[in-house]
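# Working through the structure, step by step
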Amino acid sequence: VAKEAFDAALALWQDDWNAHYGLSQVFESEDAFEPALVAINAAILADQEERSWLFGQRAYFLRMLDRNAQAITEAERMISLEPDASNGHTQKALALYGLGKTAEALESFATGIEAGAGDDFLLYWYADILSEDAQFERAAEVIGQSIKVGGGDASDHTLDAYIAMERKAWDHVLRASDKALSLDPDLAYPHYYAAVALVNTAALDAGIARFDAGVAAGPDGPLG
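Now for a quick tour of the structure. (Residues numbered from 1 in each chain as written. Predicted model: local features only at pLDDT ≥ 70, side-chain atom pairs only at ≥ 80, totals over all residues. Heavy atoms only, no water.)

### Section: unusual backbone geometry
What counts, and what does not: Only DSSP runs of H or I reaching four residues or more are called helices, and only runs of E reaching two or more are called strands; each is numbered from the N terminus.
Of note, the phi angle at Asp 66 is positive, near 60 degrees, even though the residue is not glycine. Among the secondary structure elements, Asp 66 is positioned in the loop between helix H4 (52-64) and helix H5 (68-81). Even without a glycine there, the phi angle at Ala 134 is positive, about 60 degrees.

This is the structure we're talking about:
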């Protein structure tokens, strides 16, 4: 229905940047990133105000298509227009990471924070890449900042639990896992992280039960 509405709007006015953008969001919701990219390109061409966030969106679609070098260019366009917005710095960092340039990716996150763009979105991904780089102590600090700044959603607390597991901070694992599940009871991985914590604190039966709960949560579980 949404796609039909945007198509109808474009049939009346082909330069309706907002309709092109709307189409890109429909395609994104379907994980159809090639047509999403075509639509966001059209939105940018039709846009007369050079809206910075459109470049950030194009960077994201390019990343999803594994076109990371091009994504960096688009992210830098957003940064040049709006240096204190988190998405440009985050998309650039994630594209750099996709190219195997972890140190440069982490530097991009740090640059964003220095520019005043350190919101919970940037901080979450900063913590995620720090954890991928096995910098677990620093990752714990950053995900804590993310939760403090943004209040923390299920994804934040799940990542917090994972980082705590890698640090062998078992009580923290259990608290973060339970918080994630209180926000989204259908998640699998918090059960798994809690199971590891319980087994490591000699609560074997409880750990097995939590592991089983994670498997039962569905295809996203640790054995899915």
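### Focus on the packing of aromatic side chains
The cut-off we apply is this: Aromatic contacts are taken between Phe, Tyr and Trp rings whose centres are within 6.5 Å, Trp giving its six-membered ring; a plane angle under 30 degrees counts as stacked, one over 60 as edge-to-face, and the others as tilted.
Counted by the stated rule, this structure contains twelve aromatic pairs. Aromatic pair Tyr 189 and Tyr 193: ring centres 6.0 Å apart, planes at 35 degrees, arrangement tilted. Here Tyr 193 and Tyr 189 lie together in helix H12 (residues 189-200), a separation of four residues that amounts to about one turn. Ring pairing ties together the aromatic residues Phe 136, Tyr 162, Tyr 189, Tyr 192, Tyr 193 and Phe 211, which thus form one cluster.

### Some words on the pattern of salt bridges
Inclusion rule: Here, a salt bridge means any side-chain nitrogen of Lys or Arg that lies within 4 Å of a carboxyl oxygen of Asp or Glu. The cut-offs for exposure are 20% and 50% of the maximum accessible area for each residue type, with area from a 1.4 Å probe on protein chains only; residues under the lower value are buried, those over the upper are exposed, and the others partly exposed.
Counted under the stated rule, the structure contains eight salt bridges. Across the pair Asp 47 and Arg 51 runs a salt bridge, and its minimum N-O distance is 2.2 Å. Both residues of the pair, Asp 47 and Arg 51, count as buried. A salt bridge links Arg 167 to Glu 137; the shortest N-O distance between them is 3.2 Å. Of this pair, Arg 167 sits in the loop between helix H10 (154-166) and helix H11 (170-183) while Glu 137 is found in helix H9 (residues 136-150), placing the two residues 30 residues apart along the sequence.

### Focus on H4
Our working definition: Helix span, as expected, comes to 1.5 Å for every residue beyond the first. Working rule for contacts: check all heavy atoms of both residues, and any pair within 4.5 Å makes them a contact.
Helix length check: H4 (13 residues) gives 19 Å between terminal C-alpha atoms against 18 Å at 1.5 Å per residue, within 8%. Burial runs high along H4: ten of the 13 residues are buried. Taken as a whole, H4 has its buried residues at Ser 52, Leu 54, Phe 55, Gly 56, Gln 57, Arg 58, Ala 59, Phe 61, Leu 62 and Arg 63. On its buried face, H4 sits against helix H2 (17-29), helix H3 (33-46), H5 and helix H6 (86-98). Asp 66 occupies a position one or two residues after H4 and carries a positive phi of about 60 degrees.

### Thoughts on the environment of Ile 44
With respect to the helices and strands, Ile 44 occurs in helix H3. Separated by 89 residues in sequence, Ile 44 and Asp 133 have C-alpha atoms that sit 35 Å apart. If we skip the residues at most four places from it in the chain, Ile 44 touches Leu 54, Phe 55 and Arg 58.

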